[in-house]
Amino acid sequence: MNRRTAAAALLLGAGGFVASRPVGRVPALGPLLDPAHGVWAAAPPAAVGAHDTLAIAALGATVRIVYDRRQVPHIFAATELDAYRALGYTVARDRLFQLEIQALASSGRLTEFAGPAALPLDREMRRLGLPRAAEAKLRAMAPAQRAMLDAYAGGVNAYLATLGGGDLPIEFRLTNTRPAPWRAIDALHVMNRMGYTLAFQAREVDRAAAAARVGATAAAALFPDQEPIVEPIQPNGAGAPRDDFAPLPAPAAPDPGALRLASAYATFFSGRPAGTAPDERAHLASNNWAVAPARSATGHALLAGDPHLELTLPSIWYEAHLVVPGALDVYGVTIPGVPGIVIGFNRDVAWTFTNTGVDVVDFYAEEVDDPVHPTRYRLDGAWVPLERRVEAYRTATGALVAADTLRFTHRGPLRREPGGPNGAAAAPRWLSMRWTVLEPGDELGAFREAAHATTARVFLDAMARGYRAPAQNMLAADRGGTIAIRSTGRYPIRPGDGSGDVVRDGRTRASDWTGDLPVDRYPQALAPAQGYLASANQQPVDTHAAGSPNARDFWGGSYDPWRALRINALLRADARVTSDAMRRMQADPGSARADRFVPYFLHAAARGAPAGVDAHTLADAARLLGGWDRRYTRDNTRAVLFEWAMRELSIRTWDELDPPDARPAPGIDPFGHPSTRPPRVVTPSAAVLAELLADSMSVWWDERATPVRETRDDVLAQSLAAALDSCRVRYGAPDAGGWTWRRLRHANIRHLGRVPAFGALDLPVPSGPNTLWPSTGEGNAGPSWRMVVDLGDSVRAWGIYPGGQSGNPLDPGYRDRIPRWLAGELDPLLVPRTPTSLAARDVAGTLTLVPR
């Protein structure tokens, strides 16, 4: 493997920001990165001496950086700009390769590092219009925010200026490349990449795919705008979850035109996973909750948050503390490349986020003047010139790899949709896309302003002034005892019924968004009477609640009720919550999903074996499942039976959604084993399956391939017995050790270059699908940063992420936190007020930056 091929493998095999939608198999780096040989043998770990001093350019005054024993930099500066400059320096020192790759990936310039092999990734970024959007945001940026970006860039580049060839991270030496200077716009590219990861809503695509099999009416019920199990983010006063169950409409004739919306998504988002259940795609999930002083054991407000994102080494987060006396004192995690703290706390307020999942993407069928090389599009009876933009993709030497001519309407990027079968796109169309991620916003300015907040309300209002995308459920708590939440971001108002699940007529401005929802109509709550708040990617509002001020607004999105059900149940049951109880909740192995389904399996088994099911097998399966406490602990031996039963139940129930020409195809089952089950067009969520449980005679229970008419209990019994047979074949006898959960479900924290020796693989976790520590499939995503904050007179906080501060695999600080993360433990976070406040035993080293 030559150096350029190795670079391609680094990038195309990477996770996180680099390749969250993989483009195919690539060679591993293999022997080139063997830690026992070659360049790695001489790779020095990054280190700070006891008292290092360095002169750097553009610094206004001396900055003192104290590294604690967890390698967290506490940055003490005279001005905020110097604090951001020093943050850029410290992030570059610890995460230089990650900085470089995120900038290239986010801006569509990976070919400059990896050559032509990276072209598909670059093309997707540029064709979506993400670099163009970053350029527009930079031009519109207020001077204060631009100064912040410039200061951070200056810090990164000051570190670059200190490096000789032998000091570069190994990835650069391996590929014979050097990092480019950091630019102010690179931070905006990184923020847009987060929007690309999070501001994507799949429900309407799933509904369209289902309609093409079972008709529009049935599809709307299988993929509803509102969840059938309601425990909303904005409290509805009910004090308990509610089932909004109704009989599911029977399958009807396929709607072949429904695929036109799915085709529109595929035209722009080429890597979207298809055919899997929403529950299996919910790994990019998050939890947060807060407790008011009246329900807190300390009498203070408590806050907890754990965003679930892709797990990589190094982590997507970097921990830091910024202090400017009299102006700023903020601690938390930042995304390498982003100036400022994203999730964290100051002396008065703590905050954290979860994703909203609300629909913020729309498509328009455009009429153009030429079907192959258009220059104009028709709008309200007149021809309007298209904006044209030539994108050149180059190697590190400047050689041209490819060039594209991109076109944009006033709505956003314009793409030609290829023709498709079954009426998905009977003839090629030109489609434009409008997406909140591409539109004006001042997210970095909002983070900067919010870091100074003194109350939860001030924090939320500061974020609402500039933050637009990706929309987030922002939870805050303050030292005065107030807890508050608001689903903050841009929510477009659409014409008609407000739904975004159609391809609109682009020939008229009447199809355009008519504005944005005002802040007072966002889902939100301030100091609720119930004394706690929680969000876990569930439905934001109860649109059927009496007097709901935003019931008329369209909130259709991709939601998941199960974790919210569990969090709210635990909070309701504890009137004196402690910080340690919050920590235990973050790793809670209980399952609202299992609590819902297990009794139905046991009831069906108690009724007796239906035709074709062995009565002894069914009785054994019921006995084993009935002995499970419905907790996904590492050593339990029954969760595997339940998961196989759920898999069998889904296969049998939703057979109407199988493709018409279903053929066995290679794949992976829920526990990593090869599977040849035909891929399904789409699968409804477990919440919709729970709704179906209430209708024991529904036609959906009937399996088309059998001559008899099955009922709910028939299918449940068949599924449970089949699950026991499968488990015995794959794992042996139930109590022989092969069913132990720790052997079957793992977390995998992969190195950005997919080098096994530099990752942390096959880590047993106490979690399962839809638990508070969710684990699905290969385990590549999970709690990326856990934090608990007690907002007393002196703020106390605990946190952890799976990895370490260093990006160097030979540094002890590269993965030192993983064992404690696996144990569900949190580290106490040290928050000194001055450079000399830390005890000597807590100081690993200091770095003094002085003006040059």
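Residues numbered from 1 in each chain as written. Predicted model: local features only at pLDDT ≥ 70, side-chain atom pairs only at ≥ 80, totals over all residues. Heavy atoms only, no water.

**With respect to empty space enclosed by the protein**
For step 1, the next point in the chain: Summed over all chains, the structure comprises 13 cavities of 30 Å³ or more.
For step 2, the next point in the chain: When its volume is computed, the largest cavity comes out at roughly 220 Å³.
For step 3, the next point in the chain: Taken together, 17 residues line the largest cavity, and the ones lying closest to its centre are M194, L198, W317, F353 and Q472.
For step 4, the next point in the chain: Partitioning the lining of the largest cavity into residue classes produces 13 nonpolar, 4 polar and no charged. (1 Å grid on protein atoms, 1.4 Å probe; cavity = no way out; pocket = protein on both sides within 12 Å on 5 of 7 lines; lining within 4 Å. Points joined across faces, edges and corners; volume = space filled by probe spheres on them. Nonpolar A, V, L, I, M, F, W, Y, C, P; charged D, E, K, R; others polar.)

**Observations concerning the pairing of strand β13 (residues 361–366)**
Regular strands show a simple pattern: their side chains alternate between the two faces of the sheet.
For step 1, the next point in the chain: Within β13, 5 of the 6 residues are buried, leaving the element largely enclosed by the surrounding structure.
For step 2, the next point in the chain: Of the pairings in the sheet, the one linking β13 to strand β19 (residues 429–435) comprises 6 bridges and is antiparallel in character. Bridging across to β19, D362 finds its partner in R434.
For step 3, the next point in the chain: Two strands pair when backbone bridges link them, and β13 and strand β23 (residues 503–505) are joined in this way by 3 bridges, in the parallel orientation. Within β23, the position partnered with F363 by the bridge is V503. (Buried < 20%, exposed > 50% of the residue type's maximum accessible area, 1.4 Å probe, protein only. Helix = DSSP H or I, 4+ residues; strand = E, 2+ residues; numbered from the N terminus. Pairing = 2+ DSSP bridges.)

**Remarks on the nonpolar core**
For step 1, the next point in the chain: Judged by nonpolar contacts, the single largest core of 109 residues is most densely connected at W317, F345, F353, F459, M463 and L849.
For step 2, the next point in the chain: Among the elements that line this core, the one with the most residues is helix α3 (residues 80–107), at 14 residues.
For step 3, the next point in the chain: Counting 61 residues, the second largest nonpolar core, distinct from the first, contains F597, L692, L693 and L744. (Core = buried A, V, L, I, M, F, W, Y, C linked by side-chain atoms within 4.5 Å.)

**Brief notes about the sheet that holds strand β8 (residues 312–313)**
For step 1, the next point in the chain: Spatial strand order, β8-β29-β30: 3 strands in an open sheet with mixed pairing. Edge strands, defined here as strands with exactly one partner in the open sheet, are β8 and β30 (760–764).
For step 2, the next point in the chain: Strand direction decides the pairing type here: strand β29 (residues 746–751) and β30, joined by 3 bridges, are antiparallel. Its bridge partner being in β30, A747 is matched across the sheet by L763.

**Quick notes on helix α22 (residues 712–731)**
For step 1, the next point in the chain: Its 20 residues place the ends of α22 28 Å apart at the C-alpha level, agreeing with the 28 Å of an ideal helix rising 1.5 Å per residue.
For step 2, the next point in the chain: Most of α22 sits out of view: 15 of its 20 residues are buried.
For step 3, the next point in the chain: At the exit of α22 stands G732, carrying a positive phi of roughly 90°. (Expected span 1.5 Å × (residues − 1).)

**Considerations on the environment of R448**
For step 1, the next point in the chain: Position of R448 among the secondary structure elements: in helix α14 (residues 443–450).
For step 2, the next point in the chain: Between the alpha carbons of R448 and L328 there is a distance of 9.9 Å; along the sequence they are 120 residues apart.
For step 3, the next point in the chain: If we ignore the near neighbours within four places in the chain, the residues touching R448 are E80, Y84, A144, Q145 and M148. (Contact = heavy atoms within 4.5 Å.)

**Things to note about the packing of aromatic side chains**
For step 1, the next point in the chain: As enumerated under the stated definition, the model contains 21 aromatic pairs in all.
For step 2, the next point in the chain: Chaining the aromatic ring pairs together yields one cluster made of Y265, F268, F269, F363 and W435.
For step 3, the next point in the chain: Just above the ring of Y364 sits the side chain of R411; from NZ or CZ to the centre is 4.4 Å.
For step 4, the next point in the chain: Residue placement shows R786 over the ring face of W773; its charged tip is 4.1 Å from the ring centre. (Phe/Tyr/Trp six-rings, centres within 6.5 Å; stacked < 30°, edge-to-face > 60°. Lys NZ or Arg CZ within 6 Å of the ring centre and 35° of its normal.)

**Things to note about the packing of helix α19 (residues 615–626) against α22**
For step 1, the next point in the chain: Interaxial distance between α19 and α22 falls to 9 Å at its minimum, and their mutual angle equals 85°. As far as their axial angle goes, α22 and α19 are roughly perpendicular. Here α19 contributes T617, L618, D620, A621, A622, L624 and L625 to the contact with α22, which in turn contributes A717, L720, A721, L724, D725 and R728.
For step 2, the next point in the chain: Partitioning the contact of α19 with α22 into residue classes produces 9 nonpolar, 1 polar and 3 charged. (Axes fitted to C-alpha atoms, helices over the stretch in contact; angles between N-to-C directions. Parallel < 35°, antiparallel > 145°, perpendicular 65-115°, else oblique.)

**Here we look at the packing of helix α18 (residues 592–606) against helix α20 (residues 639–653)**
For step 1, the next point in the chain: Two numbers describe how α18 lies on α20: the axes approach to 11 Å, and their chain directions differ by 75°. Our classification of the angle between α18 and α20 gives roughly perpendicular. Only F642, E643, A645, M646 and L649 of α20 make contact with α18, whose side of the interface consists of R593, A594, F597, V598 and F601.
For step 2, the next point in the chain: Of the residues belonging to the contact of α18 with α20, the class tally is 8 nonpolar, no polar and 2 charged.

**Focus: the pattern of salt bridges**
For step 1, the next point in the chain: All chains considered together, the criterion is met by 58 salt bridges.
For step 2, the next point in the chain: As a salt-bridge pair, R146 and D150 come within 3.0 Å of each other at their nearest N and O atoms. A residue pair is termed a helical-turn pair when its members lie 3 or 4 positions apart in one helix, as R146 and D150 do in helix α7 (residues 143–161) at 4 residues.
For step 3, the next point in the chain: For R146, a relative accessible area of 33% translates into the label partly exposed.
For step 4, the next point in the chain: Residue D827 pairs with R820 through a salt bridge whose shortest N-O separation is 2.6 Å. (Salt bridge = Lys/Arg side-chain N within 4 Å of Asp/Glu carboxyl O.)

**What to know about the side chain of S106**
For step 1, the next point in the chain: The residue S106 is located in helix α3 in this model.
For step 2, the next point in the chain: Exposure remark for S106: the relative accessible area of 1% places this residue in the buried category.
For step 3, the next point in the chain: A polar atom in the side chain of S106 sits 2.6 Å from the backbone oxygen of Q102.
For step 4, the next point in the chain: Excluding residues within four positions of it along the chain, S106 makes contact with M125, H189, V190 and R193. (Polar contact = N/O pair within 3.5 Å; in protein donor to acceptor, adjacent residues only side chain to side chain.)

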